[in-house]
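Here is what each chain is made of, one letter per residue.
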Amino acid sequence: MSKVVVYPVNVEFGDCDPAGIVFFPNFFRWYDASSRNFFRTCGVPAWRDTEKSHGIIGTPVVDIGSRFIQPATYGDKVEVHTSVVEWNAKTFVMLHQLKRDGVLLSEGRDTRVFAIRHPEDPARIKAIPIPEDIKQLCS
């Protein structure tokens, strides 16, 4: 079983569309926030610190998707349950399950890489192999 970290979210009025349900891009925003929370909770320092120690500037998304099961609305208290469900050589897959009172509202997956500044052009980034020490913290 992979480590699961829970990120709480209070749904605000501004998160909703005119019909009063959460506008779908907000789910992706919460998945992303939960991703960084996952690493922080596992003991991975802030990206500005990992840049100094490993050269890592973050974990950009290279693929993402979600299925929406039930709506959420203003005033809901929801939780994003996040885990790494797949480690590969240079990519990893995170599962984000957004729940309200234990009921699954949405499920998202994103594929990410650990990125450094490209050695030939610091304006670009480059994926690196998954750092073993970070993988151990997060497994």
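About the thresholds
Residues numbered from 1 in each chain as written. Predicted model: local features only at pLDDT ≥ 70, side-chain atom pairs only at ≥ 80, totals over all residues. Heavy atoms only, no water. Helix = DSSP H or I, 4+ residues; strand = E, 2+ residues; numbered from the N terminus. Rg over C-alpha atoms; globule rule 2.2 N^0.38 Å. Areas by Shrake-Rupley, 256 points an atom, 1.4 Å probe, with all protein chains shown as cover. Buried < 20%, exposed > 50% of the residue type's maximum accessible area, 1.4 Å probe, protein only. Polar contact = N/O pair within 3.5 Å; in protein donor to acceptor, adjacent residues only side chain to side chain. Contact = heavy atoms within 4.5 Å. Salt bridge = Lys/Arg side-chain N within 4 Å of Asp/Glu carboxyl O. Phe/Tyr/Trp six-rings, centres within 6.5 Å; stacked < 30°, edge-to-face > 60°. Expected span 1.5 Å × (residues − 1).

1. Section: the overall build of the protein
Link 1 in the chain: Each helix and strand counted, the protein has three helices and seven strands in total.
Link 2 in the chain: Traced from its N-terminal end to its C-terminal end, the protein shows the element sequence β-α-α-β-β-β-β-β-β-α.
Link 3 in the chain: Taken over C-alpha atoms, the radius of gyration comes to 16 Å for the protein, in line with the 14 Å a tight globule of 139 residues would show.
Link 4 in the chain: Seen through its C-alpha atoms, the protein measures out along the principal axes to roughly 50 × 35 × 25 Å.
Link 5 in the chain: Accessible surface for the protein amounts to roughly 7600 Å². Of this, 54% is attributable to carbon and sulfur atoms.

2. Concerning the side chain of Asp15
Link 1 in the chain: For Asp15, the location among the structural elements is in the loop between strand E1 (5-10) and helix H1 (25-42).
Link 2 in the chain: A relative accessible area of 9% means that Asp15 is categorised as buried.
Link 3 in the chain: Of the polar contacts made by the side chain of Asp15, one reaches the backbone nitrogen of Glu12; its length is 2.8 Å.
Link 4 in the chain: Not counting the four nearest positions on each side in its chain, Asp15 is found in contact with Asn10, Ile21, Val22, Phe23, Asn26, Arg29 and Trp30.

3. Here we look at the pattern of salt bridges
Link 1 in the chain: As enumerated under the stated definition, the model contains six salt bridges in all.
Link 2 in the chain: We note a salt bridge from Arg67 to Glu107, for which the minimum N-O separation is 3.5 Å. Of the two residues, Arg67 sits in strand E3 (residues 61-68) while Glu107 sits in strand E6 (residues 103-117), which places them 40 residues apart along the sequence.
Link 3 in the chain: The class for Arg67 is partly exposed, based on a relative accessible area of 45%.
Link 4 in the chain: The exposure class of Glu107 is buried, given its relative accessible area of 18%.

4. Some thoughts on the packing of aromatic side chains
Link 1 in the chain: Evaluation of the coordinates by the stated rule reveals 13 aromatic pairs.
Link 2 in the chain: Between the aromatic rings of Phe13 and Tyr74, the centroid separation amounts to 5.9 Å while the plane-to-plane angle is 90°, which identifies the pairing as edge-to-face. In this pair, Phe13 is assigned in the loop between E1 and H1 and Tyr74 in the loop between E3 and strand E4 (77-87), connecting sequence segments 61 residues apart.
Link 3 in the chain: By relative accessible area, Phe13 is classed as exposed at 63%.
Link 4 in the chain: Geometrically, the ring pair formed by Phe27 and Trp30 is edge-to-face, given 5.8 Å between the ring centres and 65° between the ring planes. Pair noted here: Phe27 and Trp30 are both in helix H1, with a separation of three residues, about one helical turn.
Link 5 in the chain: The class of Trp30 is buried, set by a relative accessible area of 4%.

5. As for H1
Link 1 in the chain: Relative to the 26 Å expected for 18 residues at 1.5 Å per residue, H1 spans 26 Å between its end C-alpha atoms, a close match to the ideal helical length.
Link 2 in the chain: Inspection of H1 places Asn26, Phe27, Trp30, Tyr31, Ser34, Ser35, Asn37, Phe38, Phe39 and Cys42 among the buried residues, and these make up the whole buried set.
Link 3 in the chain: Looking one or two residues beyond H1, the residue adopting positive phi is Gly43, at roughly 105°.

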